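Spelled out, the chains give:
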Amino acid sequence: MQQGAVAYGMARKDAEERQAEPVPLHLRNAVTKLMKDLDYGKDYQYAHDTQEKITAMECLPESLQGRSYYHPTQEGLEGRFAKRRQEIKAWKRQQKK
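Structure report, in brief.

Thresholds applied
- Residues numbered from 1 in each chain as written.
- Predicted model: local features only at pLDDT ≥ 70, side-chain atom pairs only at ≥ 80, totals over all residues.
- Heavy atoms only, no water.
- Helix = DSSP H or I, 4+ residues; strand = E, 2+ residues; numbered from the N terminus.
- Rg over C-alpha atoms; globule rule 2.2 N^0.38 Å.
- Buried < 20%, exposed > 50% of the residue type's maximum accessible area, 1.4 Å probe, protein only.
- Contact = heavy atoms within 4.5 Å.
- Areas by Shrake-Rupley, 256 points an atom, 1.4 Å probe, with all protein chains shown as cover.
- Phe/Tyr/Trp six-rings, centres within 6.5 Å; stacked < 30°, edge-to-face > 60°.
- Lys NZ or Arg CZ within 6 Å of the ring centre and 35° of its normal.
- 1 Å grid on protein atoms, 1.4 Å probe; cavity = no way out; pocket = protein on both sides within 12 Å on 5 of 7 lines; lining within 4 Å.
- Points joined across faces, edges and corners; volume = space filled by probe spheres on them.
- Nonpolar A, V, L, I, M, F, W, Y, C, P; charged D, E, K, R; others polar.
- Patch = residues over 30% accessible without salt bridge, like charges linked within 9 Å, V, L, I, M, F, W, Y side chains within 5 Å.
- Salt bridge = Lys/Arg side-chain N within 4 Å of Asp/Glu carboxyl O.

A few points about the overall build of the protein chain
Check the secondary structure of the protein chain and you find three helices and zero strands. For the protein chain, the C-alpha radius of gyration of 16 Å lies well beyond 13 Å, the compact-globule estimate for 97 residues. Along the first, second and third principal axes, the C-alpha set of the protein chain runs to 50 × 35 × 25 Å. Buried positions account for 18% of the 97 residues belonging to the protein chain. For the protein chain, contacts bridging at least 24 residues in sequence account for 51% of all contacts bridging at least 6. Summed over its atoms, the accessible surface of the protein chain is roughly 8,000 Å², and 52% of this surface lies on carbon and sulfur atoms.

Notes on the packing of aromatic side chains
Taken as a whole and judged by the stated rule, the model has zero aromatic pairs. Over the aromatic face of tyrosine 40 sits the side chain of arginine 28, whose NZ or CZ is 5.0 Å from the ring centroid.

So, the layout of surface pockets
There is about 660 Å³ of room inside the largest pocket. Lining the largest pocket we find 18 residues, and of these Glu58, Arg67, Ile88, Lys89 and Lys92 sit closest to its centre. Among the residues making up the lining of the largest pocket, the classes are represented as seven nonpolar, three polar and eight charged.

As for unusual backbone geometry
Even without being a glycine, aspartate 43 presents a positive backbone phi close to 70°. Structurally, the position occupied by aspartate 43 is in the loop between α2 (33–37) and α3 (78–96). One non-glycine residue with positive phi stands out, namely lysine 53, at about 65°. Residue placement: lysine 53 occurs in the loop between α2 and α3.

Digging into a nonpolar patch on the surface
A grouping of Tyr70, Leu77 and Phe81 is seen on the molecular surface, where their side chains present a nonpolar patch of about 300 Å² in accessible area. With respect to the helices, strands and loops of the structure, tyrosine 70 is situated in the loop between α2 and α3. The class of tyrosine 70 is partly exposed, set by a relative accessible area of 33%.

Description of the pattern of salt bridges
On inspection of all chains with the given rule, the structure shows six salt bridges. Where arginine 67 meets aspartate 14, a salt bridge forms, and the shortest distance between an N and an O atom there is 2.8 Å. Taken as a pair, arginine 67 in the loop between α2 and α3 and aspartate 14 in helix α1 (residues 3–17) lie far apart in primary sequence, 53 residues in all. Taking relative accessible area as the criterion, arginine 67 reaches 33% and is therefore assigned partly exposed. Via salt bridges that share partners, Asp14, Arg18 and Arg67 belong to a single interconnected network.

In structure tokens, the structure reads:
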């Protein structure tokens with residue numbers, strides 16, 4: 001099975017079997033004053049504003065945190081993706097210290 005199909009299958013299974021949680025507040029767009037007052041978008045981190053172009057911000061709902069759906073192989077360009085993925089994981093671990 002191709003990698004994309006595997007990732008899709010894993011994500012679909014989680015969507016079907018896990019509780020539907022709301023989008024985390026910091027990812028919600030605050031288009032009204034009420035939404036701003038309710039902290040929509042508060043503490044959102046825009047990766048392109050950082051030197052590393054990544055942030056330690058968690059984007060998944062609480063029950064899915066730590067889940068990973070894409071697992072690149074070493075074939076073709078995926079080898080580069082796998083290396084970059086490992087660099088990002090190491091950077092995020094360092095930020096938690």
